[in-house]
Structures are given as structure tokens and as C-alpha cells.
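# Commentary on secondary and tertiary structure
Here's the letter readout for the chains.
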Protein chains: 4
Amino acid sequence: MAGSTYGTIFQVTSWGESHGKGIGVVVDGCPAGIQLSEEWIQSFLNRRKPGTTRYSTPRKEEDKVEILSGLFEGKTTGTPISMIVFNETQRSKDYKEIASYYRPGHADYTFDEKYGFRDYRGGGRSSGRETIARVAAGAVAQAFLQELGITVEAYTKKIGPYEIAENTDYKKRFESPLYMPDLNASQRAEEYLCQKMQEKDSVGGVVECVVNGCPAGVGEPVFRKLDAELAAGIMSIGAVKGVEIGDGFLAADATGSTNNDGFIRREDGTIAKSTNHAGGILGGISDGSPIIIRAAFKPTPSIFQTQHTVNKKGEEIDIAIKGRHDPIIVPRAVVVVESMAALTVTDLLLCSMTSRMDRIKEFYHR
Amino acid sequence: MAGSTYGTIFQVTSWGESHGKGIGVVVDGCPAGIQLSEEWIQSFLNRRKPGTTRYSTPRKEEDKVEILSGLFEGKTTGTPISMIVFNETQRSKDYKEIASYYRPGHADYTFDEKYGFRDYRGGGRSSGRETIARVAAGAVAQAFLQELGITVEAYTKKIGPYEIAENTDYKKRFESPLYMPDLNASQRAEEYLCQKMQEKDSVGGVVECVVNGCPAGVGEPVFRKLDAELAAGIMSIGAVKGVEIGDGFLAADATGSTNNDGFIRREDGTIAKSTNHAGGILGGISDGSPIIIRAAFKPTPSIFQTQHTVNKKGEEIDIAIKGRHDPIIVPRAVVVVESMAALTVTDLLLCSMTSRMDRIKEFYHR
Amino acid sequence: MAGSTYGTIFQVTSWGESHGKGIGVVVDGCPAGIQLSEEWIQSFLNRRKPGTTRYSTPRKEEDKVEILSGLFEGKTTGTPISMIVFNETQRSKDYKEIASYYRPGHADYTFDEKYGFRDYRGGGRSSGRETIARVAAGAVAQAFLQELGITVEAYTKKIGPYEIAENTDYKKRFESPLYMPDLNASQRAEEYLCQKMQEKDSVGGVVECVVNGCPAGVGEPVFRKLDAELAAGIMSIGAVKGVEIGDGFLAADATGSTNNDGFIRREDGTIAKSTNHAGGILGGISDGSPIIIRAAFKPTPSIFQTQHTVNKKGEEIDIAIKGRHDPIIVPRAVVVVESMAALTVTDLLLCSMTSRMDRIKEFYHR
Amino acid sequence: MAGSTYGTIFQVTSWGESHGKGIGVVVDGCPAGIQLSEEWIQSFLNRRKPGTTRYSTPRKEEDKVEILSGLFEGKTTGTPISMIVFNETQRSKDYKEIASYYRPGHADYTFDEKYGFRDYRGGGRSSGRETIARVAAGAVAQAFLQELGITVEAYTKKIGPYEIAENTDYKKRFESPLYMPDLNASQRAEEYLCQKMQEKDSVGGVVECVVNGCPAGVGEPVFRKLDAELAAGIMSIGAVKGVEIGDGFLAADATGSTNNDGFIRREDGTIAKSTNHAGGILGGISDGSPIIIRAAFKPTPSIFQTQHTVNKKGEEIDIAIKGRHDPIIVPRAVVVVESMAALTVTDLLLCSMTSRMDRIKEFYHR
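Residues numbered from 1 in each chain as written. Chains lettered and ligands numbered in written order. Predicted model: local features only at pLDDT ≥ 70, side-chain atom pairs only at ≥ 80, totals over all residues. Heavy atoms only, no water.

This paragraph deals with the overall build of chain A. Broken down by element type, chain A carries nine helices and 18 strands. Here the C-alpha radius of gyration of chain A, 22 Å, is about what a compact globule of 366 residues would show, namely 21 Å. Among the 366 residues that make up chain A, the fraction classed as buried is 70%. Partitioning the contacts of chain A with sequence separation of at least 6, the portion at a separation of at least 24 is 68%. Taken as a whole, chain A presents about 11300 Å² of accessible surface, with 48% of it coming from carbon and sulfur. (Helix = DSSP H or I, 4+ residues; strand = E, 2+ residues; numbered from the N terminus. Rg over C-alpha atoms; globule rule 2.2 N^0.38 Å. Buried < 20%, exposed > 50% of the residue type's maximum accessible area, 1.4 Å probe, protein only. Contact = heavy atoms within 4.5 Å. Areas by Shrake-Rupley, 256 points an atom, 1.4 Å probe, with all protein chains shown as cover.)

And the structure:
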């Protein structure tokens, strides 16, 4: 239980450090017969690759994925899919210095307390590079969900004080270097970001994720509610400090008469809701409406201003962090949020196949 | 994986429905040798008992707990602790009607989709009464944490627009019928609540929870981060729509220079932080500062106003809910938040004993 | 991870001690819509009830089961099924003495080492009474399997040197007080048993279990092989010291040419095997043939002869055990073996629904 | 739950196929601070490497392991240890033919039933090469256990009718090409094996494993007994058809008076047992004596004699298997048994640290 494995049926095991030989992931429990290729995985990884805009670390990494197992003639075999991305531009010398002190906002101190020492090169295991494993695995989950007509799409909702307008068409997110689909807001966020970069500071923001096409009935009613599992998955992304479902914290200010979503009957006779304050989940179980998730990201802790901290000897010192760092985590984290949501929905969707005897009988008497 | 079990080492299994014979819980993995009694458990259950103020359902239930196993001569034996609260005042006839339609904001529709039918009496398994199991188990976790000098305390932070002042002493929470430690804010929240009750409406709010005394090093660095597990535990409480750690969504608006917590050296030579924006967790691992968690609760979905919905035949209808319902969930949920936090910290604290070879050797060569 | 929970999808949590208030079990993950009653559960429990023959402890217990949750109008609801059997004839005074020393062959010493002390009354948690939980849960699994036309049937294969003849019709097992379907062997085993009882000694034996109707494809190919999970489930029954699948240890003496089972084509075009040395499992996955499992039970450790041991002060002493004990565990354990096999097959059968994308699509596009 | 992950705290995830790019394993939950190197891992892998004696497949593979993560300056960091062995001599053309039919004794048929198709090259995922992952992970467990003075040692006990003499010193196992410590028996087994090879047949056998130095108190009392977990681990090795603890099936023939192990007091005041029929486990918990496990291996199913079977079209055919195959699995499996035992004991030993409040307090108030 060192917690590098995620999921119950669709199980993902992440490994690797920022400046080790590579980052990898094993996806176990992926159903057999899904078309999958390195190109597909790569298309997701490219969205988190550094060095593509001025708002991300200049560390140039191709982050090229290799699939090592679990495929046969282009299809998943039902056995573990092992994927690896080798690390390429490791400038470990940048990190020699930080071995001796505790960077504010980083996991240096807590790793030392937990393990007695740490691989300090580039954050080691607590580096953002670990999310390569999540995105590669998430891409497999997306291939699975696609077969069922389910989409999982995330985008930047807010950066600093700049938020996208309501009802923005999030399909436009790829037109913005910040994955912010309201191009007006995106423009202003860029300006804000540039200013903060000049001030040697960093910025936070909010990512929103929408799951469309998930059938009603996914999620378990008590501890393993769909929203609880989504919260765990999203909060497990480094730098996330808050998670909301549907109206989230706004629901706390509402009253029952405004927050309740009435049920309606669609023209085709199926049941839907007239509003979606609940964000697609009732009692921990999907209700067939779009599932809405939001994640609050803190500003990148690595800033170039002088900061006050303590070294390993326990002496208070002033430090100035060097190296290559993103001034904001949010744009590259968009695909990570998508991945964790896709992994979670996939896992619970598979778990939910066993809830009804009538359907199990149908399944086995095929 | 129907998800009624929570935790890896300290494992809690909840069972029971609102109008069945009772609600119960099995706590497995509790260490041997902890003093425990029904009185201790009861003192926590009394805080969620209905009918104690005008702001909770008038359903009168003693909710008396009985310990059925796992104790010997007043101490835990290391084997499963089974606890039960028998249901007493079941007025199932109130619920006959709701069997036929889907209440807005409730899990009626999603249960029917998931299971094909449902025990409609009082919400069945999705009733708030299920939290009896969580509170009874949480009380066991609190007994464990007390032995290590760790406290877990929650209180009402906000109801509708009324929020407690900063730096309120949360120990005063028991002086307010709403568990709101700022008695001035509590007074105004009561007035607001009364008004909404007259309007046949309901109200939401925010609960905050503080964990003191947790040593640094608890939590795992990737998927099973302490904050991720807390988010899952808290979000698994019915009606919770958002979870924050430390500054939460405010951190998304901040910059690195204001959000980073610098490390300092205490007079006794130990290391601390000058601020606590991170809420006691860095890289998913406790840093020794107080752990701060917040939960947003939606308004009670059961309101007495007429609502529009659909019945099981798929016809749109207008309904008026009867029965006994809380106009606000928050005050009774305070101890539930506390319980889920206590369970989560306990479990990860036990898991964290195995992270260092030097300490394992010390342990086994005792 | 104190290990009182069994299974991944179909999860069983056992609790209770021999001389506590009762023994119980929570079955989580049972699909909704299965007809179930206390009478059905009781019919399985009656087969392990003491006091029905001269070969079991004279402790008279009705072992009457009560279902506390998870049923609605006679059907499972998909939520946890909690069951309890209250303990009735607790003669704890018989056990005062054994508190002070370690009985040979019992868990007294290991419990003290593990937990620091123990509930010594009647073996506490390590008592055979714990199997009530397994049998009650197993009965739920049997109800599930029955819906799919799968049977799980165990019987006594051997007691001391007396073994049933090959090709014995195991349906006759209920005609023997020892559940030994070869009535001739049963007769001789009874005589052997009576002799050993007169010598104040106890006897061991072998139980065999056959699963019919399990479809091919159940079980996972690496660690969670069907045979591996069966081995764990059966070996977790107290007093079991060996487990075999198919030819078991005899396969170690065989050669490939005699041990391999050739595939054949049935008249209806389906594929079968000409022999079944493999016991219905190939590569950890069911092959459609009957699944054959055997368990070796050691003799009851509680015997009335004088034995040499050590007391808690570390002094060597001679002891003579009093109380009520079975001279043989095997006959009452038959239904326990059946139960563990039923639980294991049920769990893996549910897990196996997710192995193929084509079937998942069919399932969700119903 | 496709079951490629093993363990709760010390978690091992295996991946890879016989003729894919490689075989690998991720070890998560290994404590920080253990000295580890590729040389150490390799020394275990070399014991299962093919082509070293005439009794194993002539497929020449170096099976060279590479550690990709989890080490820093020669020590484990507490984060996942990823290891890989690239496949080298893949002669896939040998396997084209077997794609079309079901080999007796192999998993071809069950894989097709479970997944709809299979990677038929060299057995794919069900190949014995998968055990590379187990042995590499087992070597990490052995490094852990060594720090606590615990040894896990296996050897060949029996091949065909030839068994080692009682009280054979198993340290001599490395002097026999069959890892059979009684060199006289080994000689006769070799002759028997040669004869069967000439007859184009294959042979089975029994492996025994001894764990020394395990403290009392390891294992959980109900479902996750030490013996139950060992049984699962050992039975999950391909070709194992039976598992015994201590006297195993012989205990079924014994009486209580001969099978019980009396407790005695050692000179130094500690408690021991005068005999060890129980094989070091009482009530599922280690008792401080050597832990004794035995595994029955069936003969290699791949034999060069003509066999009768069915092809994918359902036609009965006669086949003659080609390719490179071991005439016996046992000698190369010795280190695999050792590895699964080491993994199991390691995991339960870590789990067992949380059973007593007094020791937990001591641990945290260090």
C-alpha cells in the first residue's frame, strides 16, 4: 500500500522519477479486443509535453512512449499493458544544491520525514513528470470509453482572476495555448501570466472536466461513490487543493428549491433532468447527465524570488531556486485531469456490471 | 466492490437501511489494547442524533449503540469490532407514495437504474442514517488517535451567507445548536434558517475540520496521498459537493510568492512552517502542521414546496414531499466529517509505519 | 488488513467470537434481485450445527440466523446483507483454566504473541464457530450460483485410513452421519472414530468439493488464478493443512503423456476434455469441466489425553483439556469447504465479466 | 482485478509475454533504505535461467535484469522499483502452428474463451517466462528479509518416484543440477528423467520451502492466514496442483495425540515447540518455528509424443508439438517457489506491525 496503484478492476501502476531512467505505467485489467497504438497514447502525452509554449518549462523532452506488452496485432489482449517513456534531458546538476534544504511548497521535507532521505534530483518521485504515467494510462481508458461512446474532456476554466464566460464552447480549448476555450479570457490570462513571470512569480487556476455519455447507474452508493472516487483521483494530482462536483461550493450557498434538479421526460420517453446542479451524480451514482468536475490548482511552488526556509541542519536560510520550471501548472495539467477522470469512470463502469442478477444471467446465458 | 468497506489496514464495513432492522458497522484491523466502551461510542453518536434541536428532523431515535464483538475486559482485542444501532421509529407508511416517483435531488432514480428496484422506505441505503455506521467507526478511530495525542475536530464554518470570523476559537462549537463556534454568526444563521424553514425551503453550508498532532510522514506520494484519501472519505458523505485542503480554491487565485509556506526553526530545534496555506499536507504527505479540510454541503433535497418531477411510468407530475426531514444537514454532519477524517488519518498512519527499513528493524528487534 | 474480509467484488466480512454476543457476517456486492430467505441460509447452517451426531461437540446451539439488512420484499437489493447468529450456551467457566497456558495445536500462543493478550473463552476469534460466518455467506453465494445453474458440493472423502471408493456417487453424502457418500467406508470410519474417541484421541480426514456448471473463462491468468484463490479460501479454514486441485500431489508422480487431458468435440459441437486430471482449471482459468478441490484436515487439537506444554509464566506443565470438543472436524467442515469454494467461484465469476470488449459493448448497449 | 498485482503493503505488479518485448515487474511498498543492486537480483534470476543444464529448454536467454527506478545511491527510496528483462531469442515461427489448435495441458483454450483470442507466441502471458517477474520481485523481498535475519530456501524434494531422505541438509541443493540436496536421490532422479526424455515424455515433482527466523505473530487470524496467503502465492505458480503446510495431507491420517506439537521452554527462557507437525503456523499465525511449505508440480504439458486434441474450428486432430521445452519444470521452479514465499512472508510481516497499540505508541513516540 505505497499507493502507486489506482483502481479495482482497471488497475494502473505508476513508477519512475524525474531524473531516473524513465517514467512508466502498467495498465492491468483492460478488456481484450480494443484497438490501441503508440500513436494514440502519444497524442495524449503531447498535450502535457513541456516546451511547447512560453508558459511551460523550457526543459525539452520528446516524451516518446513505447508499449512493451499487452498488445497483439494492434489489439489489447486483456493482459497488462506496460508503457515506458525514457527520460532524456536530465540536468541533475541543477539540483545538487536543493539536496541540502527544503523548498517551500515542495515535498522535500515530507519525503525526508517519511523515508529518511530522498532522490532530490528534480523532485524525484514527487515531480510532475510522474503524471506521464497517468496520461499514458488515461489514454488507454479513453480508448475504452470511446468504444462505449463516452467522452471525457477538460479545459482551463480560470487563471488568476480571469474566468471563461458561462456557456463557453469547450471544444475551442485547443485554440488557446492555455487550453482556455474562451479566447478573450485566454488573452487576458496570458497577459496576467506574463506580468507574474516578470515578477518572478507563479500563478494558479481552475480546470473543469466534463464526462458525456456515461450511462446512469455507475458508482457505488456508500464509500465508493462516483464523486468520492473522482475526488480521490483528481486530488491525487500534485498541486490540486480543491475538488468540486456540479455546483460545488456554490451549492453550499443555495437553497433546496434552487439547487434541486427536477426530472423531466424527453420526447423519446427517456428520463432526464431539467437542470444539472448535481453535476451528473445523485447518491454517488451517475444519473445520465453530463458529469461535471472542477479542480483548483495552486501556483507552481518553484519561483525565482528569494525565499526563506530551513536547511537539513535546521538552520534558517534564504534561497533562490534555479533550474527550469513552469510559471503555471494548469495548461499542462488539463490532460492529467482528463486522464484521472477517464481512469475513474472506466473502473467504476466495469465494477457496475455486476449490480443486477437479471443482467448477469443475460450475460452468462449469451 | 460494492464499496461498503473503507480503508486498507483499518477497515470499516458499513451496512443497513433507514427502515430495516438497524444500521451497523464492522471495524477490522483496530490494534489490540485500546480502552473502548459503548459510552465512548455513544457520545459521538449523540452528536448526530435527530430531534435534539428545532433544526433537525423530529424523528425521535435513541440511536443506542451495542458492541457485539472485538472487546475483552474493556479493551480491543485486535479482532473485528461489530457495532449495531437498531432502528426504532420506522414510519414506513410515510414513504409508500414516494415509491412511485423520483424525488429531485435524491438517489431514487439512480438506485432504480443501478439495481432494477429499490428499498424506497426512508431512502433505504442512501438515507442519512447510514452515517451512524461512519460515526460509530469514527469513534473507534478517535480512541486510537487519542492514544497518540492526535485530535480531529470539525465545526460549522458557514451556513447560507453567514460565515464564522477568522481565528474563531472552534472549541466553542458545542455552545451553538448549529455547532458554529462564532456565536454571533451562529445567531444570524439561525435566523436565516428559520426564515427558509417558513418558506418550506432548505439550506446548505460548509463544515471545516482540523487535525492536530499528526506526525509528519503520513500519506503516500502518488495515488494514495493523504489529501486524496481525505477527499474521497469526505466526498463519500451524502450531500457533499466540494472538498478543499488548506486554502483550497483560494489557492487557485494566489501567486507562488503568497501561497508558499516558508519553513522555520522552532525554539526547540524542530522544523515548522511560518504559514499553513497548504493545510498541513505537502506532496500528499503530512508535514506536521494542522491538517485543514473543508466540505461543502448542498441544501437538504427534501423540501415541502411543490416540485416538478417524473414518476416510474415516465409521466411528469407535481409532488409535495411529506415525512420528517432536516431543513439543513450541516449541524448533524459535523461529527460525520470528523469521523471520516479520523478514519482516513488512522488508516494512513498505520500504513505509514512500513516506509523505512531502519524503523522496521528497530520494531522487530525490540 | 486484519483479514476478516474476503473477495474483491463479492465481499464477505466476518466478525465474532466463540463466547461473545454472537457471530456475524456482512455480504457486500451481492447482485440485486436474488430470492433469499432466512430459511435458505439456515438450511446450510444446520449442516455445521453441533450436537446432531455423536461425532460432534455436545454443545447444543440452535445457531439461528437473522438477516438484518439487504433484503426487500424477499429479494436482495444490491446493498450489504448483514446476518447474525447469537451465541446461546456460553459456558465460559470451562475456559478459565486455559487462560493460563498454551494448548498444543491451538492458536493460544500465537494470539498472545500477535496481540499481547487474548479472549481465551472457547478459542475466542480462532474458534471453529467463526465458520458460521462463512457458511451464512456461502449460502448467499450458493443462491447466486443456483441462478446460473452452477452447483458446489462437498463431501468427506477420507477419514483416517478409510477412503471412499472411486466413482462413488457423492449425492449420497447426506445418508451418512459423516457426510461420506460411500456408506461402506462411512461405516468403517465410524468404527475407527469410536475407537479413537475411547482412546481420548481425535482424527483427521480429507474433504473433496466438486463445482459443476462453471463456464470456461473464470479466473485470472497470473496471481489471481482460480486455483490460487480456491487454495487461499480453503486453506483459510482452521485445521486445513493441504489443498489439491484435480490430481493434486499425484500429478507430481505422473508423466506428461498420462497427465495431459486431450480436448475432444462433443456431439453438439462444443469442446470438452476426454479426462480431467487438471481438475477443471488450465492456466488458472476454468475450462468448463468440473472443478475438483481437496482439503486435508488435521485431527482436532483438543484431546482429553494428558499433554505436555508451557504456561504463560514459561513453566512446563502437564494439562488435561476439559470442555466440549469434536473428536473430528471433518463432517461439520464439509459445508464450510463448500462455502469457501462457492464464495471464491462467485467472486471470480463476477470479476470475469470484464475481460472482453465485445461483451462489454453488448452489455452496455442492451 | 485482472490479478497481475500481488500483496497488500509490499505490492508486486507483473507484466509481459514470452515473445513480446520483455518481462517486467514493479515492486511498490518496499521500505526505504535497503541496499539493492542489479547483481543481487541477477543472482536469483540466474537460478531460473534456461539452458544451464540438459534438463531445461535449450532456449538461450541471458535474462539480464535492468533496474529502472526506485534506487538512489544504491539504496531503495521507498518508491516503486521497476525492473525489466528484455526478451532476446524469440523464435515466434515455432508457434505459428499452435495458433490454430488447443495444446493439451496448456491455457490455449481457456485464454480463447476468456479473451476471445490470444497471443499464441510461446504461451504469451501464460508462459513460464512470466516467473521472471516473480523472481526479480522475490529477490527484493529476500533483501528485505535478510535485514531481519529471515531466510527463505527451497529445494527439490521429489522427482517422479525419487524423494530425498529425511533430514537431508538442504544447503547442499546447489550441488545438484536438479537442486535436489540428497545427491544420491538426485542421481537416480536424473536417470529417471533421461529415460522419460528418451520416451518423449515429461516428469513432475515436489518442491519444499523452509522459512527460518520469522518471528511469531505474522499472519492474520481469519481469511488472511499466513498459510492461506502462502497457498495462494504458491498455487499461483503455473503447473502447481497441490500445496501443503507442515505435515500436509499426512496430518489427515494422523491422530491428535501424534499430530499436536507440545510447547517447551528453551534454556534462554523463550518458548518453542518440541515438534513441528504444524509447519510453523498455528491458527494462521507464525509460531516462531520454521515455516514448511510444499508444492506439487505437474509434468510439463509440452511433450514431443503425438497427442489428440481439437483445433479452433472444433475438429479433432493429432498433433506433435515442436519448439524448445523443459522436460521438467521443477528445478527451475525452485527459485520461483522461494520467491512467492518470500513475497508473502514480507507482505504479512509488514501488515503485522499494526496489531498492538503498545507497540504502535512506542513506534510513534520514538
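With that settled, consider the relation of the copies chain C and chain B. Rotating chain C by 180° about the axis while translating it 0.0 Å along that axis superimposes it on chain B, leaving an RMSD of 0.0 Å. Such values leave the two copies arranged in the relation of a two-fold axis. Nearest to the rotation axis, the C-alpha of Thr13(C) is located 3.8 Å from it, this being the minimum over chain C. (Least-squares fit on C-alpha atoms with pLDDT ≥ 70 in both.)

Here the focus is the relation of the copies chain C and chain D. The operation linking the two copies of the chain is a rotation about an axis combined with a translation along the axis. Take chain C, turn it by 180°, move it 0.0 Å along the axis, and it overlays chain D with an RMSD of 0.0 Å. The fraction of interface residues of chain C whose copies in chain D are also interface residues reaches 99%, indicating that both copies meet through the same surface.

Summarising the element assignment, Thr76(D) is placed in strand S6 (residues 75-76). Of the residues examined, Thr76(D) reaches a relative accessible area of 1% and is grouped as buried. Here the side chain of Thr76(D) touches Ile34(D) through a polar contact of 2.9 Å, landing on its backbone nitrogen. Once residues lying within four places of it in the same chain are set aside, the contact partners of Thr76(D) are Phe117(A), Cys30(D), Pro31(D), Ala32(D), Gly33(D), Ile34(D), Leu36(D), Gly70(D), Leu71(D) and Ile81(D). (Polar contact = N/O pair within 3.5 Å; in protein donor to acceptor, adjacent residues only side chain to side chain.)

Take the pattern of salt bridges next. The final tally for this structure, using the stated rule, is 109 salt bridges over all chains. Close ionic contact of Arg118(C) with Asp112(C) constitutes a salt bridge, the shortest N to O distance being 3.3 Å. Grouping residues by exposure puts Arg118(C) and Asp112(C) together as buried. A salt bridge links Arg134(D) to Glu130(D); the nearest nitrogen and oxygen atoms lie 2.8 Å apart. Given a relative accessible area of 5%, Glu130(D) falls into the buried group. Salt bridges sharing common partners tie together Arg47(A), Glu153(A), Lys171(A), Arg173(A) and Glu338(A). (Salt bridge = Lys/Arg side-chain N within 4 Å of Asp/Glu carboxyl O.)

Opposite the 109 residues of chain C that make contact, chain D presents 108 residues. Roughly 8300 Å² of surface becomes buried between chain C and chain D when both sides are summed, with 63% attributable to carbon and sulfur atoms. If you sort the residues of chain C by the area they bury against chain D, Lys114(C), Phe223(C) and Lys241(C) come out on top, with a joint share of 11%. Between the two partners, chain C and chain D, sit four salt bridges. Here Glu220(D) and Lys114(C) are joined by a salt bridge, their closest N and O atoms 3.3 Å apart. Our count for the chain C to chain D interface comes out at 43 residue pairs in polar contact (both at pLDDT 80 or more). (Buried area = accessible area lost by both parts, 1.4 Å probe.)

Turning our attention to the pairing of strand S17 (residues 306-310) of chain D. Residue and element names in this part refer to chain D. In terms of strand pairing, S17 meets strand S18 (residues 316-320) through five bridges, oriented antiparallel. The residue bridging Thr306 from the neighbouring strand is Ala320, located in S18. Hairpin connection of S17 to S18: five residues between the antiparallel strands, including Gly314 at a positive phi of 90°. (Pairing = 2+ DSSP bridges.)

Further remarks concern the side chain of Arg103(A). Inspection of the secondary structure assignment puts Arg103(A) in the loop between strand S7 (81-86) and helix H2 (108-115). Polar side-chain contacts of Arg103(A) include one of 2.8 Å to the side chain of Asp108(A). Contacts of Arg103(A), omitting those with residues within four sequence positions, involve Ile98(A), Asp108(A), Gly123(A), Ser302(A), Ile321(A) and Phe263(B).

So, about the packing of helix H5 (residues 226-235) of chain C against helix H5 (residues 226-235) of chain D. The description of two packed helices rests on the angle between their axes and on the distance between the axes. The contact between H5(C) and H5(D) brings their axes to 7 Å, and the two run at 165°. In this view, H5(C) runs roughly antiparallel relative to H5(D), as classed from their interaxial angle. Where H5(C) crosses over H5(D), the handedness of that crossing is right-handed. Contact residues: Asp227(C), Ala228(C), Ala231(C), Ala232(C) and Met235(C) in H5(C); Asp227(D), Ala228(D), Ala231(D), Ala232(D) and Met235(D) in H5(D). (Axes fitted to C-alpha atoms, helices over the stretch in contact; angles between N-to-C directions. Parallel < 35°, antiparallel > 145°, perpendicular 65-115°, else oblique. Left-handed = near helix turned anticlockwise from the far one by under 90°.)

This paragraph deals with the sheet that holds strand S1 (residues 5-6) of chain D. Residue and element names in this part refer to chain D. Within the open sheet, the five strands sit side by side as S1-S2-S3-S7-S4. Their pairing is antiparallel. The strands lining the two open edges of the sheet, one partner per strand, are S1 and strand S4 (65-67). In this sheet, strand S7 (residues 81-86) lies alongside S4 in antiparallel orientation, the contact comprising three bridges. Paired with Glu66 across the strands is Ile84, a residue of S7.

Before going further, it helps to examine the interface of chain C and chain B. On the chain B side, the residues contacting the 45 residues of chain C number 45 residues. In total, about 3300 Å² of surface goes out of reach between chain C and chain B, with carbon and sulfur atoms giving 63% of it. Of all residues in chain C, Trp15(C), Phe72(C) and Phe117(C) give up the largest surface area on contact with chain B, accounting jointly for 19% of the area buried on that side. Counting across the chain C and chain B interface gives three salt bridges. Two residues, Lys21(C) and Glu38(B), come together in a salt bridge whose shortest N-O distance is 4.0 Å. The tally of links from chain C across to chain B stands at eleven residue pairs in polar contact (both at pLDDT 80 or more). The set of elements that each furnish at least two residues to the side of chain C that touches chain B consists of strand S2 (11-16), strand S3 (22-28), strand S4 (65-67), strand S6 (75-76), strand S7 (81-86) and helix H2 (108-115) of chain C. Take the side of chain C that touches chain B: its biggest share by element is five residues, from S2(C). A per-class count over the side of chain C that touches chain B returns 16 nonpolar, 18 polar and eleven charged. (Nonpolar A, V, L, I, M, F, W, Y, C, P; charged D, E, K, R; others polar.)

Further remarks concern the sheet that holds S7(C). Residues and elements named next belong to chain C. The sheet built from five strands is open, its strands ordered S1-S2-S3-S7-S4 with antiparallel pairing. Edge positions in the sheet fall to strand S1 (5-6) and S4, since each of these pairs with one other strand and no more. Both S2 and S3 contribute to a ladder of six bridges, which runs antiparallel. Bridged to Thr13 within S3 is Val26.

What follows covers helix H8 (residues 330-351) of chain C. The end-to-end C-alpha distance of H8(C), which contains 22 residues, comes to 31 Å, matching closely the 32 Å that a straight helix rising 1.5 Å per residue would cover. Across the 22 residues that make up H8(C), a large majority, 22, are buried. (Expected span 1.5 Å × (residues − 1).)

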